[in-house]
Amino acid sequence: KREAEEQEALRSQMLKTLSSLDSSISAIPSEALAKAGAMMQEYIPDEDAELVAKAGQTALAMSKASNAFAERIYDTMRSEHGVGPALEAAGLDPEMMALTAQAVKEPRWLLWEGPSNRENLARWLAGDIAALALSGEGGPLNGRFVFGPRGVGKSSLLVAGCVAAGVFSRIKSLPAAGRPVVPVYVDMLRATWLYELCAAHAAGREHAWLNPLSPLPCMMDRALQLAGHRPRVDEEPDLSRWKLYPWFATPQEVCEFLEANKLNMLVVMDEADEPYKECGNIIARELDLLRGDSPQMIYYVSGSAAAMRDILFEPTRVDTGVYDVKKFRYKKSHSDKQIPLPPLEPLSSLEDHARAIMAAGRAVSSFHSAAKRFLAKSAVPKRRARFGRSILRAGSVLRALLGQPGAHSEKPPLGLDKMQRDIIATQHGRQLSSVFAAHFKSVITGLCPETVLDQLVSPSVGFPALGLDIGKLSARVSEKSGESVAAEALMSSLSTLSDCGVLTLAEAKWRPVSWTAVLSIMLVDEGDCSLPFEARDDLSHATVGAKTTEPVLAQAFCKSAAKSAHFVGTASEGQRESLLRSLERLSLVDDAAVAKVVNLKWDDVREDASVLREGMLYKPSPDKGVDIVLLVRDPESQLVHLLLLQAKATSSGAADAGKSTDSSLTGWNKIVPRFTAQVDSWRDFHPVSLSLLRDGESLVVWNVVVTNKDVNENALHGRVPAEIGIHEGALRMAMFGGVDGAATSSCGRIHGPHWVVAFGDHLLSGLPPAVLDWARNVKRQAWGGHTAAEAAGAADQAEA
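Peer 1: How would you summarise the packing of helix α7 (residues 192-199) against helix α11 (residues 273-290) if you had to cite specific residues and measurements?
Peer 2: Running from N to C, α7 and α11 cross one another at 70°; their axes reach a closest spacing of 9 Å. Judged on the interaxial angle alone, α11 and α7 are roughly perpendicular. Viewed along their axes, α7 and α11 form a crossing whose handedness is left-handed. Side by side, α7 and α11 meet where Thr-192, Tyr-195, Glu-196, Cys-198 and Ala-199 of the first sit next to Glu-274, Pro-275, Glu-278, Cys-279, Ile-282, Ile-283, Arg-285 and Glu-286 of the second.

Structure below.
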């Protein structure tokens, strides 16, 4: 019994390994392809005159037949259904080839509309399918390289080409010299684990039976098993025989098998740049073995990274800190083995976007109805603007526009919000955004986030004009940062932004992939602006969202403190006047923008107090409760004010201007402890605070709560002071190590903490005008408030 359990556990483990291998491969059963090929005549009648090439005929006749067949394949695949009806009639589940969302329902030739490079790739695929199906070989230059930014449709075309190769090579009228083509699609991103095993020489007990020291031949072997040409190892009941299975170890062994069985193969190695980062020398060796010595095979290598072209053709130019090409740098490049095809370009016009969505079909695009309505009246300005907003918000590249909402995908979407997060998370991301945003504005007069939509709807320039070469990027980033930033130091960041679908490299210049990327870059430069969930129907106004709530409220408080600040507690009149005087002098940004926020690590302040500069908004990292930290000086009173601010806001709020909302409902019993939690996380608050002072100065610590909701008098004079009294002891202990010893322990140089609550229309009047315009346009009364004049009148009336 124990032996049986051990055998079952071993089988389970081996099946798990095999499942991981299968997730990297997509193949179609040969019987289903044969049935679909036989049915193609029903949908596309054969013309025997096209396929008269037979053994013994001249090379010219063979060439003419191949060209005619390729043209027929191309025309069929760009038709309404491609090979979809034949596959469906054959009972084939299209999800057999569904490693990409675009191929879930109808594996047809997507994106033949648009820039000519897409048509070029489609014709190459058609020609290769015809060559393999008719002449039985791929020729001496049997490798192709396809490059293009992430999300522009490479996988769509290549998956569809795989399916077409399997079907068209099995139609009835092919001559005897023709051969069935085994289509194999390999997602190299999912196969990275196999290459890592190979690189680590980790063919241990768990995976030794799989022969992971030869990843690509191993995956080809498994594809032949899944297609029904080789015995499936998992159908063998005796586990000991699994370990004896003769996995292919080289591409030549695969080709020998194909030749012996009168088969050919079309292989797509998609996302090849991912494993190249860690295992470039292994992939280079595999491609080297494929060079011209495998006529039974045509292979396509596809990559999204901007450096992928150099990896294959000019490896000496590649940053070895990002890609593992050290062992390959001094070998021959692939120029004598692969044909580099022109790179795929992003969709540009709204019409191209709509036609691509329509080509994908209703089943795989939630924008299908919107695209159909747009194409019906594409000249109507309102239709263009409405469809453009949808495209810009979603991501404006193919991958972002396909795939039903909620559908699982290992590849994250390329939407507006994600792009901003990717840029911010990238080293030098903010600096690069600042440089690119300034360049965009210099190229397109009047460009700002609110007018990016206009460029998508009716572009005045193309993406090439928005590019910058690495030399200019280095110089401008250095100028912005005030220190020298070498070009080599930017390459890793640019590569990351390329992987994220934000930037791409074309004609030696880095440029945005889409108008969504342009908007994301500009929003990051202007302070991490983001769209609130409730108001994503409009991209024409500056907006307040999760990442902008805190800076805009802090900014509004600084501008309106004289009217909006309500002091709670024992701060002296002199301390209050000094704070208001300091804030009045402060100018964070001009009125049209949202203030920028800089991340702050207290450990950095502990090491060097000058890190905490005056007049800047800082975001504590980690955020334990305080949203914004601000330091201001008042030379007149020799007081330094350290503000710890919490922003409490709602996007819905009270709909009626006269309706008050007791902000104690947001939980004052939690607000005060959040200040304590933040100071606790900092450690050494007291000595670090003292280090901020110069000779003769004293520090005043202010705990500020800012909210876009109204706070009624009962809360302001009752609940708020009561909650402060309950929790302030713990806060003083965290700050100074004693409840009432702060002033004496620091010789009277630290005062507080004192409390300020800011709210109401006077606070909202301090918001940037663009934000107020947005709030009123989308009817967000909780953000729009009254106008400044209305607010002043309401305040006078309340005082009276």
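Peer 1: Break down the sheet that holds strand β1 (residues 25-26) for me, citing the residues and quoting the values.
Peer 2: Two orientations exist for strands paired in a sheet by backbone hydrogen bonds: parallel and antiparallel. Strand order in this open sheet of six strands is β1-β3-β4-β5-β2-β6, and the pairing throughout is mixed. With partners counted over all chains shown, the strands left at the sheet margins are β1 and β6 (338-340), one partner each. Where strand β3 (residues 181-187) lies against strand β4 (residues 264-270), seven bridges are found, and the strand directions are parallel. Note on β4: the bridge partner recorded for Tyr-185 is Val-268. Each of β2 (143-147), β3, β4 and β5 (297-303) is contacted by helix α6 (residues 154-168), which is oriented at about 155° to β3, the strand it contacts most.

Peer 1: Give a description of α11 that names residues and reports values.
Peer 2: In this model, α11 (18 residues) spans only 18 Å end to end at C-alpha, well below the 26 Å of a helix rising 1.5 Å per residue. Along its length, α11 shows its largest kink, about 115°, at Cys-279. The buried count for α11 comes to 13 of 18 residues, which makes it a mostly enclosed element.

Peer 1: Lay out the environment of His-353 with the relevant residues and their values.
Peer 2: Mapped onto the fold, His-353 is located in helix α13 (residues 350-360). Of the polar contacts made by the side chain of His-353, one reaches the backbone oxygen of Ser-349; its length is 2.8 Å.

Peer 1: So what's going on with the nonpolar core? Which residues, and what values?
Peer 2: Ranked by internal contacts, the top residues of the largest apolar core, which has 58 residues, are Leu-21, Tyr-195, Met-219, Met-265, Met-297, Val-301 and Met-308. When residues in this core are grouped by element, the largest group, eight residues, is from helix α8 (residues 215-227). Not counting chain neighbours up to four residues away, the residues in contact with Met-219 comprise Leu-21, Ser-24, Ile-25, Val-186, Met-188, Ala-191, Leu-194 and Tyr-195. Core analysis: the second largest hydrophobic core is formed by 47 residues, Ala-371, Phe-440, Trp-515 and Val-524 among them.

Peer 1: An account of helix α21 (residues 487-499) is requested, with residue identities and associated values reported.
Peer 2: Compared with the 18 Å implied by 1.5 Å per residue over 13 residues, the 18 Å span of α21 between its first and last C-alpha is a close match. Turning to α21, its buried residues number three or more, namely Leu-490, Ser-493, Leu-494, Ser-495, Leu-497, Ser-498 and Asp-499. Check the buried side of α21 and you find it contacts α11, α17 (416-425), α18 (429-443), α20 (470-481), β7 (503-506) and β8 (509-512). Gly-501 occupies a position one or two residues after α21 and carries a positive phi of about 80°.

Peer 1: Can you lay out the environment of Val-597 for me, pointing to particular residues and giving the numbers?
Peer 2: Mapped onto the elements of the fold, Val-597 is located in strand β10 (residues 597-600). Residues Val-597 and Glu-550 lie 47 residues apart in sequence; the distance between their C-alpha atoms is 9.1 Å. Beyond its immediate stretch of four places on either side in the chain, Val-597 contacts Arg-430, Pro-551, Leu-617, Tyr-618, Lys-619 and Ile-628.

Peer 1: Describe the pattern of salt bridges, listing the residues and the values that go with them.
Peer 2: Inspection of the entire model under this criterion finds 26 salt bridges. For the salt bridge of Arg-222 with Asp-234, the shortest nitrogen-to-oxygen distance reads 3.1 Å. Of this pair, Arg-222 sits in helix α8 while Asp-234 is found in the loop between α8 and α9 (239-242), placing the two residues twelve residues apart along the sequence. Here Glu-723 makes a salt bridge to Arg-719, at a shortest N to O gap of 3.1 Å. On the criterion of helical spacing, the pair formed by Glu-723 and Arg-719 is a turn pair, its members being four residues apart in helix α28 (residues 713-736). Glu-723 gets classed as buried once you look at its relative accessible area, which sits at 10%. For Arg-719, a relative accessible area of 36% gives the class partly exposed. The network of salt bridges with shared partners includes Asp-22, Arg-222, Arg-232 and Asp-234.

Peer 1: Give me the lowdown on the packing of aromatic side chains, citing residues and values where you can.
Peer 2: Under the counting rule described, the total for this entry stands at twelve aromatic pairs. Pairing Trp-602 with Phe-685 gives two aromatic rings, centres 5.8 Å apart and planes at 15°, and the pair type is stacked. Linking Trp-602 in helix α25 (residues 602-607) with Phe-685 in helix α27 (residues 685-690), this pair joins segments that are 83 residues apart in sequence. Of the two residues, Trp-602 and Phe-685, neither departs from the other in class, the shared state being buried. Taken together, the ring pairs connect Trp-602, Trp-682, Phe-685 and Phe-736 into an aromatic cluster. Looking at Arg-230, its charged tip hangs above the ring of Phe-248, at a distance of 4.1 Å from the centre. Above the face of the Phe-257 ring, Arg-230 is positioned so that its terminal group lies 5.4 Å from the ring centre.

Reading the values: rules and limits
- Residues numbered from 1 in each chain as written.
- Predicted model: local features only at pLDDT ≥ 70, side-chain atom pairs only at ≥ 80, totals over all residues.
- Heavy atoms only, no water.
- Axes fitted to C-alpha atoms, helices over the stretch in contact; angles between N-to-C directions.
- Helix = DSSP H or I, 4+ residues; strand = E, 2+ residues; numbered from the N terminus.
- Parallel < 35°, antiparallel > 145°, perpendicular 65-115°, else oblique.
- Left-handed = near helix turned anticlockwise from the far one by under 90°.
- Contact = heavy atoms within 4.5 Å.
- Pairing = 2+ DSSP bridges.
- Expected span 1.5 Å × (residues − 1).
- Bend = angle between axes of the 7 residues up to and from the residue.
- Buried < 20%, exposed > 50% of the residue type's maximum accessible area, 1.4 Å probe, protein only.
- Polar contact = N/O pair within 3.5 Å; in protein donor to acceptor, adjacent residues only side chain to side chain.
- Core = buried A, V, L, I, M, F, W, Y, C linked by side-chain atoms within 4.5 Å.
- Salt bridge = Lys/Arg side-chain N within 4 Å of Asp/Glu carboxyl O.
- Phe/Tyr/Trp six-rings, centres within 6.5 Å; stacked < 30°, edge-to-face > 60°.
- Lys NZ or Arg CZ within 6 Å of the ring centre and 35° of its normal.

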